[in-house]
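# Remarks on the overall topology
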Amino acid sequence: MKRNRFLTILLLMMVSGTVFAFGYVDAHGNGSGIPGYNAVSLALGGARAIGFGDALSVLTNPADIYRIPGTSISMSIGPAVIREMVEDSLGKHDRTWMALGNLSAALKLQVSPEFAVAAGVARISDFSYDGIYYDYDQDPGPAYGQIIEVRELKVTGGLYESAAGLAWRPATWLNVGLSGGLRFGSVSFDSTFTDRRDPENDTLVSTSFEESDFCWHGGVVLPLGLSRLGLSYASASDHYDARIAGGALLYTNDSRQGAFGAEVEMIDPGDTNALLIRVLGQFTPSTNFTVRGSLFFGDRGDEIDREELGIALGTGISFGKLTLNGGFSWSSVDREALAFGYEAPEDIKDSPSIVSVGLTWNP
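Residues numbered from 1 in each chain as written. Predicted model: local features only at pLDDT ≥ 70, side-chain atom pairs only at ≥ 80, totals over all residues. Heavy atoms only, no water.

### Brief notes about the overall build of the protein
Under the convention used in this document: Labels follow the DSSP assignment, with helices taken as runs of H or I lasting at least four residues and strands as runs of E lasting at least two, numbered in each case from the N terminus. When accessible area is computed with a 1.4 Å probe and restricted to protein chains, residues below 20% of their type maximum are described as buried, those above 50% as exposed, and intermediate ones as partly exposed. Note on contacts: a residue pair qualifies if any of its non-hydrogen atoms lie within 4.5 Å across the two residues. Note on areas: Shrake-Rupley, 1.4 Å probe, and residue coverage restricted to the protein chains presented here.
Scanning the protein from terminus to terminus reveals 3 helices and 16 strands. When burial is assessed residue by residue, the protein has 51% of its 363 residues classed as buried. In the protein, once contacts between residues fewer than 6 apart in sequence are set aside, the share between residues at least 24 apart is 60%. By element, 61% of the accessible surface of the protein is carried by carbon and sulfur atoms, the whole surface being about 15700 Å².

Right, dumping it as structure tokens:
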């Protein structure tokens, strides 16, 4: 009976819907979207529709690759540390695990005054989870409060995307872009059930999936003097939801290196309609030093009823044609009463921290 229940829970986990924060629920849905594919976008809270012309925009808003003229090469890498705190009737229990948070590279070329092309590859989502949940004896007696069942889950893997595209400037007030490529990756699940009263019920279940699907991105950017509007779209695949984002930047000077703005992203439009809101900014205290930052908020009004709050910071230091970029992102998501298919925990908090270091070269 218990074994059948455990297998049913595992099956339900595999077909759950998507969300957008690291943790137990994400590992069973469509994973956790990486909040910024390189050090620059990570520091801007993962902005997709608006940005500052990074070559990796080919994977978010391909129209934005036109912004900076000439050739640009960028790469980034960094880890993620995820902390989960579960509070139940016996107190608070912490779990911490590490994952690959950020890995990307991109190249952008200016073909003509009106056209730019780019290609890039990046890690776009993470499914990792390393958790354990205990069931306690609730019957009055000498064994009350003792652990009687243990459920463990270890998930590894994530999705990547490689794409190439172009940006076209048909008018001084309009940039349009389109890119396409392959979304790929693999994820493995290892679930263990241990019954301390009856070892015959102990169960180990391992499963996995692989993804290899075509994906595409479209975008529009309106450069309007000292302001900039952007709209972008990313297609869906088997284990990744469509995304549409729109936002605006207001530049602080004619160099257009300093700006502040806001963006709204909708995940799985027309179905889940999960929302992410970003407030972001960038300024340059000196010609070779840039500071970036963002506050972002998320809401998903589903049966889990979770809200996300996060902050991101970063810098860029230029050494001539080479720029060293760094980014950090931290967020926290609270949810109630959902772990391993049971509603015993009173509160669960997931807190991912991601660090990224990258280089940009403009030869």
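Now that the structure has been shown, we can carry on.
### Focus: the nonpolar core
Convention followed: Residue types Ala, Val, Leu, Ile, Met, Phe, Trp, Tyr and Cys, when buried and joined through side-chain atoms within 4.5 Å, form a set referred to as a nonpolar core.
Counting residues in each nonpolar core, the largest one holds 30 residues, and the members touching the most others are Tyr 37, Leu 56, Leu 59, Ile 65, Phe 127, Val 155 and Val 187. At the level of secondary structure, the elements contributing two or more residues to this core comprise strand 2 (72-88), strand 3 (91-110), strand 4 (115-126), strand 6 (147-171) and strand 7 (174-195). Once residues lying within four places of it in the same chain are set aside, the contact partners of Ile 65 are Asp 54, Ala 55, Ser 57, Val 58, Lys 108, Ala 116, Val 117, Ala 118, Gly 165, Leu 166 and Ala 167. Core analysis: the next-biggest nonpolar cluster, separate from the first, contains 9 residues, Val 40, Leu 44, Ile 50 and Tyr 251 among them.

### Some remarks on the side chain of Arg 278
We count it as follows: Here a polar contact means two N or O atoms within 3.5 Å. Within protein one must be a hydrogen donor candidate and the other an acceptor candidate, and residues neighboring in sequence count only if both atoms are side-chain atoms.
Take Arg 278: it is sitting in strand 12 (residues 274-286). Separated by 2.4 Å, the side chains of Arg 278 and Glu 265 make a polar contact.

### A word on unusual backbone geometry
One non-glycine residue, Asp 268, lies in the positive phi region at around 60 degrees. Looking at the element boundaries, Asp 268 is found in the loop between strand 11 (259-267) and strand 12. Among the residues examined, Asp 268 registers a relative accessible area of 13% and is labelled buried.

### Examining the environment of Gly 181
Note that Gly 181 resides in strand 7. Residue Gly 181 is classed as buried on the basis of its relative accessible area of 18%. Once the C-alpha coordinates of Gly 181 and Asp 213 are considered, the two residues, 32 residues apart in sequence, prove to be 8.5 Å apart. Leaving out residues up to four positions away in the same chain, Gly 181 has contacts with Ser 162, Ala 163, Asp 213, Phe 214 and Cys 215.

### Focus: the pattern of salt bridges
Heads up, the rule is: Here, a salt bridge means any side-chain nitrogen of Lys or Arg that lies within 4 Å of a carboxyl oxygen of Asp or Glu.
Inspection of the entire model under this criterion finds 11 salt bridges. Across the pair Asp 94 and Arg 83 runs a salt bridge, and its minimum N-O distance is 3.0 Å. Here the residue Asp 94 occupies a position in strand 3, and Arg 83 occupies one in strand 2, the gap between them amounting to 11 residues. Its relative accessible area of 45% is what places Asp 94 among the partly exposed residues. Where Arg 123 meets Asp 126, a salt bridge forms, and the shortest distance between an N and an O atom there is 2.7 Å. No difference in accessibility class separates Arg 123 from Asp 126, as the two residues are buried.

### Observations regarding the packing of aromatic side chains
This is how it is decided: Stacked, edge-to-face and tilted are the three classes for Phe, Tyr and Trp ring pairs, Trp counted by its six-membered ring, which pair at centre distances within 6.5 Å; planes under 30 degrees apart are stacked, over 60 edge-to-face, the rest tilted.
As enumerated under the stated definition, the model contains 6 aromatic pairs in all. Consider the rings of Phe 115 and Trp 168, whose centres lie 6.1 Å apart with planes at 10 degrees: the pair is stacked. A residue pair is termed long-range when its members are at least 10 positions apart, and Phe 115 in strand 4 and Trp 168 in strand 6 qualify at 53 residues. Assessed through its relative accessible area of 38%, Trp 168 is described here as partly exposed.

### Some thoughts on the environment of Pro 62
Tracing the sequence through the fold places Pro 62 in the loop between helix 3 (39-43) and strand 2. With relative accessibility at 0%, the residue Pro 62 sits in the buried group. Not counting residues within four places of it along the chain, the set of residues in contact with Pro 62 comprises Ser 57, Leu 166, Ala 167, Gly 177, Leu 178, Ser 179, His 217, Gly 218 and Gly 219.

### Focus: the pairing of strand 6
Just so we agree on the cut-off: The criterion for strand pairing is that DSSP finds at least two bridges linking the strands in question.
Examined bridge by bridge, strand 4 and strand 6 share 11 bridges and lie antiparallel to one another. Residue Ala 116 lies in a different strand from strand 6, and its bridge partner there is Ala 167. In terms of strand pairing, strand 6 meets strand 7 through 21 bridges, oriented antiparallel. When the sheet's bridge partners are listed, Leu 166 is paired in strand 7 with Leu 178. Two successive antiparallel strands, strand 6 and strand 7, enclose a turn made up of 2 residues.

### Focus: the confidence of the model for the protein
As a reminder of what qualifies: Across the chain, each position has a pLDDT score giving the predictor's confidence in that residue, from 0 to 100.
When pLDDT is averaged along the protein, the result is 86; 86% of the residues meet or exceed 70. The least confident element of the protein, judged by mean pLDDT, is helix 1 (residues 2-14) at 44; the most confident is strand 9 (residues 227-234) at 97. A low-confidence stretch, residues 1-21 stays under pLDDT 50, and its non-local contacts, those more than four residues away or across chains, total 58 contacts.

### Comments concerning the environment of Lys 92
In this fold, Lys 92 is placed in strand 3. For Lys 92, a relative accessible area of 60% translates into the label exposed. Expressed as a C-alpha distance, the spacing of Lys 92 and Ile 348, which sit 256 residues apart in the sequence, is 9.4 Å. Those residues in contact with Lys 92 that sit more than four places away from it in its chain are Met 85, Val 86 and Glu 87.

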